[in-house]
Amino acid sequence: MTPDAKRKAVAHLVEVHQVSQRRACSALDVDRSTVRYQSRRDDDTELRDAMKAVAKDRRRFGYRRLHVMVERQGWQVNHKKFRRIYREEKLQVRRRGGRKRALGTRRPMVVPDGPNQRWSLDFVSDALTDGRRFRILAVVDDYTRENLALVADTSLSGLRVTRELDRVISEREAPGTIVSDNGTEFTSMAILRWVQDNGIDWHYIAPGKPTQNAFIESFNGKLRDECLNETLFISLAEARETLEAWQEDYNYQRPHSALGNLTPMEFAEKMNMDKLAA
């Protein structure tokens, strides 16, 4: 039992059974100095309020990422103290149901050494409150982890995918390689024709091996956990507006643990500055 639990047990005996503190401590084998101890620790009210405010907005963030967000507000707090308060305030994230994991040997994906070298694509599905299904095309730069596109619609054909890729390329340079699964949209004639016209290498992962496209799968998990599972969409227009706001937050505000807790845009800017300095 923790000291706090022992103090509560002694207090319960004293109050309910009307015994002295000395007798309650003797019955429970608790040192009286433990019961009489008065903590000199600061209650950290302002820090607790700041943590709860961030946790309210970022309900799916664990203590490590919450720590980064609170430090950005100017707080300097040891991670062990932060975790203690995090647990005392019961801000722990409830784990959602597990899923089957791939068995056998896994080889890590080779990370590109620069932006626009490799993009990853995938679809995510969701439903409106009236039951209508819609799909989301997600595009991620595997180096900067930047989310390049989140396109929501009731139907996304291969031709629509090429148009969205052309739009992204017009805003930045074309990638060297694009990675996707073997979905019908990605293996359509429209995609094959687009690849041939643009001279881009399109790599298809092995069927049933989503771990070969781990960057987009990781992104999809964050999108579903922090946005889709947290929001009810009444209309497609509302879904698009919410996704646009989440994309902005993901690229510019959300710390990414794989990038040293920088945001994708901060990481891209840092890499660009390092390149210029070299």
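Per chain, residue numbering runs from 1 following the sequence as it is written. Reporting in this predicted model follows two pLDDT cut-offs: at least 70 for local features of residues, and 80 or more for side-chain atom pairs to be given and counted; totals over whole chains, interfaces and linings ignore these cut-offs and use all residues. Side-chain calculation: all heavy atoms of the structure are included, whereas hydrogens and water are not.

Caption draft 1: Quick peek at the overall build of the protein. Note on conventions: DSSP H or I runs of at least 4 residues are helices, E runs of at least 2 residues are strands, and numbering of each starts at the N terminus. Looking only at helices and strands, the protein has eleven helices and five strands in total. Throughout, the radius of gyration refers to the C-alpha atoms, and the reference size of a globule is 2.2 Å times the residue count to the power 0.38. The C-alpha atoms of the protein give 26 Å as radius of gyration, which overshoots the globular expectation for 278 residues (19 Å, by more than 25%). Counting only C-alpha atoms, the protein reaches 90 × 55 × 40 Å along its principal axes. Out of the 278 residues in the protein, the part that is buried amounts to 40%. Throughout, a contact is declared for two residues whenever any of their heavy atoms are within 4.5 Å. Contacts spanning at least 24 positions in sequence make up 58% of the contacts within the protein whose residues lie at least 6 apart. Note that accessible areas follow from Shrake-Rupley with a 1.4 Å probe, and for residues the cover is restricted to the protein chains shown. Of the roughly 17,300 Å² that the protein leaves accessible, carbon and sulfur atoms contribute 48%. For the protein, the distance from the average position of its 49 positive side-chain charges to the average position of its 41 negative side-chain charges is 9 Å. Throughout, exposure labels follow a simple rule: accessible area from a 1.4 Å probe, protein chains only, divided by the maximum for the residue type, with under 20% read as buried, over 50% as exposed, and the rest as partly exposed. Lys and Arg are tallied as positive, Asp and Glu as negative. Neither His nor the chain termini are counted. Where a charge lies is defined by one atom per residue type, namely NZ (Lys), CZ (Arg), CG (Asp) and CD (Glu).

Caption draft 2: Quick peek at a negative patch on the surface. Side chains of Asp42, Asp43, Glu46 and Asp49 sit close together on the surface and give a patch of like negative charge. If you trace the backbone, Glu46 turns up in helix H4 (residues 45-57). Every patch collects residues that have over 30% relative accessible area and no salt bridge, joining them within 9 Å if they carry like charges and within 5 Å if they are nonpolar side chains (Val, Leu, Ile, Met, Phe, Trp, Tyr). A side-chain nitrogen of Lys or Arg and a carboxyl oxygen of Asp or Glu constitute a salt bridge if their distance falls within 4 Å.

Caption draft 3: Focus on the side chain of Ser180. Its place among the elements puts Ser180 in strand E4 (residues 177-180). A polar side-chain atom of Ser180 sits 2.8 Å from a polar atom in the side chain of Trp202. Polar contact criterion, stated in full: a pair of N or O atoms within 3.5 Å, where within protein one must be able to donate a hydrogen and the other to accept it, and residues adjacent in sequence count only if both atoms are side-chain atoms.

Caption draft 4: Here's a closer look at the confidence of the model for the protein. Mean pLDDT for the protein: 90, with 95% of residues reaching 70 or above. The quantity known as pLDDT measures the predictor's confidence residue by residue, on a range of 0 to 100. Low pLDDT, under 50, characterises residues 100-107; the stretch is placed with one contact to residues that sit more than four places away or in other chains.

Caption draft 5: Local environment of the side chain of Arg60. Positionally, Arg60 belongs in the loop between H4 and helix H5 (63-71). Take Arg60: its relative accessible area is 16%, and that puts it in the buried class. Here the side chain of Arg60 touches Asp225 through a polar contact of 2.7 Å, side chain to side chain.

Caption draft 6: The sheet that holds strand E1 (residues 118-127), seen in detail. The rule for pairing is simple: two strands pair if DSSP sees at least two bridges between them. One open sheet holds the five strands; their spatial order is E3-E2-E1-E4-E5, and the pairing between them is mixed. Each of the sheet's edge strands pairs with one partner strand only, and the pair in question is strand E3 (147-153) and strand E5 (201-204). Each adjacent strand pair in this sheet contributes to an overall mean axis angle of 20°, direction not counted. By the bridge criterion, nine bridges tie E1 to strand E2 (residues 133-141) in an arrangement that is antiparallel. In the sheet register, Ser125 faces E2, and the bridge partner there is Arg135. Contacts from helix H8 (residues 189-198) reach E4 and E5 within the one sheet, and its direction differs from that of E5 by about 140°. Throughout, an axis means a line fitted to C-alpha atoms (over the contacting stretch in the case of helices), and angles, computed between N-to-C directions, take values from 0 to 180 degrees.

Caption draft 7: Broad picture of the packing of aromatic side chains. The rule is short: rings of Phe, Tyr and Trp, with Trp giving its six-membered ring, pair when the centres are within 6.5 Å, and they are stacked under 30 degrees, edge-to-face over 60, tilted in between. A complete count under the given rule lists ten aromatic pairs for this structure. Judged by centre distance (6.3 Å) and plane angle (90°), the ring pair of Trp194 and Trp202 falls under edge-to-face. You'll find Trp194 and Trp202 in the same group, each marked buried. In this analysis the charged atom, NZ for Lys or CZ for Arg, is taken to sit over a ring once it is within 6 Å of the ring centre and within 35 degrees of the ring normal. When the ring centre of Phe61 is taken as origin, the NZ or CZ atom of Arg65, which lies over that ring, is 5.5 Å away. Here Arg135 stacks its cationic end above the ring of Phe123, 4.1 Å away from the centre of that ring.

Caption draft 8: Molecular detail of the pairing of E2. The element E2 is largely enclosed, with a buried count of seven among its nine residues. The antiparallel hairpin formed by E1 and E2 contains five residues in its connecting segment, where Gly131 sits at a positive phi of about 95°. Sheet topology places E2 next to E3; six bridges connect them, and they run antiparallel. Counterpart to Ala138 in the pairing with E3 is Leu150. The turn joining E2 and E3, which pair antiparallel and follow one another in sequence, is formed by five residues; a positive phi near 65° is taken by Arg145.

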